[in-house]
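# Architecture and fold: a report
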Amino acid sequence: MFERQSYLVSDLARRLNGAATLEDFWALCLDELAQRDVTSICYGALASKRDVEARGLTKALMVKTNHPHAWIEAFGTDRFLDEDSTALKCMADSRPIFWDVDKAMRHPSRRVRERAKIERDVGLDVGVSLPASHFSTGAVGGVGLAVDVPRRQFRAYWKSRKHDIIAICTILDTVMRRQHMKELIGLTKREGDCLCWLAAGLRTDQIANRLGITTKVVEKYVFSAKSKLKAATRDQAVAKALLFGIIEP
């Protein structure tokens with residue numbers, strides 16, 4: 001088992017690291033997971049837990065998902081994860097979180113029951129969430145995986161598949177943070193340049209002079225970068241870009 005797992009990890013790492021773009025990498029990850037009965041995933045990365053306290057989970061997370069769009073629409077694009085108990089637990093725990101156990105409350109509220117029904121209707125009632133801290137100490141975020149197996153068979157399924165799935169998700173999170181975070185956030189070169197110079201202590205007029213553009217254009221780039229990084233201020237945008245490793249100090 002150990003030799004097989006070591007081969008799986010090294011082979012996966014080689015192929016997934018070789019993906020040139022975010023979309024190529026994402027497609028490879030989804031294919032590997034689909035071979036193990038995973039129907040869809042929601043990946044999220046955070047710069048820090050404090051960001052969740054300040055802005056709420058959905059507005060703080062950098063998210064990529066192929067979960068049914070109906071799921072997002074049902075709860076709202078700006079808050080679809082805010083009351084998701086498994087996603088919230090990913091911020092505080094490092095152990096796998098099984099959806100059926102987490103949602104099997106003895107006296108659930110009306111809102112919890114309504115959410116559970118919507119998730120059942122779109123095929124998101126059986127699965128597991130893996131906190132990013134399960135892969136790497138200090139990492140914040142996680143991966144939620146919907147699985148195409150009957151609820152009563154999930155425990156047996158997880159016992160047989162967990163090593164493969166955890167290996168794939170470990171590589172997913174690691175490579176996403178190291179190689180594809182800039183693409184995930186959608187930061188352009190000019191936006192990154194402006195944040196780099198802000199991090200170096202330059203004023204807007206000095207950045208404009210360095211880049212040969214107007215101060216208004218610099219402000220436009222900074223505003224756009226701030227929005228993409230889900231930051232409240234330019235200082236937070238710089239801090240998050242540094243924490244995500246998409247600009248150099």
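In case you missed it, the structure is sitting above this.
Residues numbered from 1 in each chain as written. Predicted model: local features only at pLDDT ≥ 70, side-chain atom pairs only at ≥ 80, totals over all residues. Heavy atoms only, no water.

### Brief notes about the overall build of the chain
Our working definition: Think of it this way: any DSSP run of H or I at least four residues long counts as a helix, any run of E at least two long counts as a strand, and we number them from the N terminus. Only C-alpha atoms enter the radius of gyration, while the globule expectation follows 2.2 Å times N to the 0.38, with N the number of residues. Any residue under 20% of the maximum accessible area for its type is buried, any over 50% is exposed, and the rest in between are partly exposed; the area is computed with a 1.4 Å probe on protein chains only. Contact criterion: two residues are considered in contact whenever any of their non-hydrogen atoms come within 4.5 Å of each other. Every accessible area reported is derived by Shrake-Rupley at a probe size of 1.4 Å, with residue values counting cover from the shown protein chains alone.
Within the chain, the secondary structure is distributed over 14 helices and 5 strands. What you see for the chain is a C-alpha radius of gyration of 20 Å, in line with the 18 Å of a compact globule of 249 residues. For the chain, the residues scored as buried account for 45% of the 249 residues in total. Contacts in the chain between residues far apart in sequence, at least 24 positions, make up 66% of those at least 6 positions apart. Within the structure as shown, the chain displays about 13200 Å² of accessible surface, and the carbon and sulfur contribution to it stands at 52%.

### Thoughts on the packing of aromatic side chains
Selection rule: We call Phe, Tyr and Trp rings a pair once their centres come within 6.5 Å, taking the six-membered ring for Trp, and we label the pair stacked below 30 degrees between planes, edge-to-face above 60, and tilted otherwise. Comment: the charge-over-ring label is applied if NZ (Lys) or CZ (Arg) is within 6 Å of the ring centre and within 35 degrees of the ring normal.
As enumerated under the stated definition, the model contains 5 aromatic pairs in all. Aromatic pair Phe 154 and Tyr 157: ring centres 5.9 Å apart, planes at 40°, arrangement tilted. Remark: Tyr 157 and Phe 154 occur in helix 10 (residues 154-185); sequence separation between them is 3 residues, near one turn of the helix. Exposure class is identical for Phe 154 and Tyr 157. Each is buried. In textbook terms, an aromatic cluster arises when at least three aromatic residues are bridged by ring pairs, as seen for Phe 98, Phe 154, Tyr 157 and Trp 158. In this structure, Arg 115 packs its charged tip against the face of Phe 75, placed 3.9 Å from the ring centre.

### What to know about the environment of Leu 130
In this structure, Leu 130 sits in strand 4 (residues 127-131). Taking relative accessible area as the criterion, Leu 130 reaches 0% and is therefore assigned buried. A C-alpha to C-alpha distance of 36 Å links Leu 130 and Ala 200, two positions 70 residues apart in sequence.

### Focus on the environment of Pro 249
Within the secondary structure, Pro 249 sits in the segment after helix 14 (234-243). Taking the relative accessible area as the measure of exposure, Pro 249 reaches 96% and is therefore exposed. The spacing of Pro 249 and Glu 114 is 135 residues in sequence and 46 Å in space, taken between C-alpha atoms.

### With respect to the pairing of strand 1 (residues 38-46)
What counts, and what does not: Only when DSSP finds a minimum of two bridges between them are two strands counted as paired.
Extensive coverage of strand 1 is indicated by the burial of 8 of its 9 residues. Where strand 1 meets strand 2 (residues 62-65), 4 bridges bridge the pair, whose relative direction is antiparallel. Note on strand 2: the bridge partner recorded for Ala 45 is Met 62.

### Regarding the packing of helix 2 (residues 22-34) against helix 10
Rules: Axes, fitted as lines to C-alpha atoms, cover a helix only where it is in contact. Angles between the N-to-C directions of the axes lie from 0 to 180 degrees. Orientation is classified from the angle alone, with under 35 degrees giving roughly parallel, over 145 giving roughly antiparallel, 65 to 115 giving roughly perpendicular, and any other angle giving oblique. Two helices that cross are described as forming a left-handed crossing if the nearer one is turned anticlockwise from the farther one by less than a right angle, and a right-handed crossing if clockwise. By the convention adopted, Pro, Cys, Tyr, Trp, Phe, Met, Ile, Leu, Val and Ala count as nonpolar, Lys, Arg, Asp and Glu as charged, and the other residues, Gly among them, as polar.
Packing of helix 2 against helix 10 leaves a shortest axis separation of 10 Å and a crossing angle of 170°. Taken as axis vectors, helix 2 and helix 10 run roughly antiparallel relative to one another. Seen from above, helix 2 lies across helix 10 with left-handed handedness. Taken together, the residues of helix 10 that come into contact with helix 2 (itself represented by Leu 22, Phe 25, Trp 26, Cys 29, Glu 32 and Leu 33) are Ile 165, Ile 168, Cys 169, Ile 171, Leu 172, Val 175, Met 176, His 180, Glu 183 and Leu 184. For the contact of helix 2 with helix 10, a count of residues per class yields 13 nonpolar, 1 polar and 2 charged.

### Some thoughts on the nonpolar core
Our working definition: In this text, buried Ala, Val, Leu, Ile, Met, Phe, Trp, Tyr and Cys residues form a nonpolar core when linked through side-chain atoms within 4.5 Å.
In terms of nonpolar packing, the biggest core is built from 55 residues, with Leu 145 and Leu 195 touching the most fellow members. In this structure, Leu 145 is in contact with Leu 33, Val 38, Ser 40, Ile 41, Trp 99, Val 126, Gly 127, Val 128, Leu 130, Ile 165 and Cys 169, ignoring residues within four places of it in sequence. Counting 19 residues, the second-largest nonpolar core is a separate cluster that includes Cys 42, Phe 75, Ala 87 and Cys 90.

### What to know about the pattern of salt bridges
Oppositely charged side chains are able to pair whenever their charged atoms sit close together. Quick note on the threshold: Here a salt bridge means any side-chain nitrogen of Lys or Arg lying within 4 Å of a carboxyl oxygen belonging to Asp or Glu.
Counting across every chain of the model gives 17 salt bridges. Across the pair Arg 36 and Glu 32 runs a salt bridge whose closest N-O atoms are separated by 3.1 Å. A residue is classified by how much of its surface remains accessible, and Arg 36, at 8% relative accessible area, is buried. Judged by its relative accessible area of 6%, Glu 32 falls in the buried class. Salt-bridge contacts for Lys 240 lead to Asp 51; the nearest nitrogen and oxygen are separated by 2.7 Å. Pair noted here: Lys 240 is in helix 14 and Asp 51 is in helix 3 (residues 49-55), with a separation of 189 residues, a long-range link. Each member of the pair, Lys 240 as well as Asp 51, is classed as buried. Through salt bridges with shared partners, a single ionic network connects Arg 15, Glu 32, Arg 36 and Asp 164.

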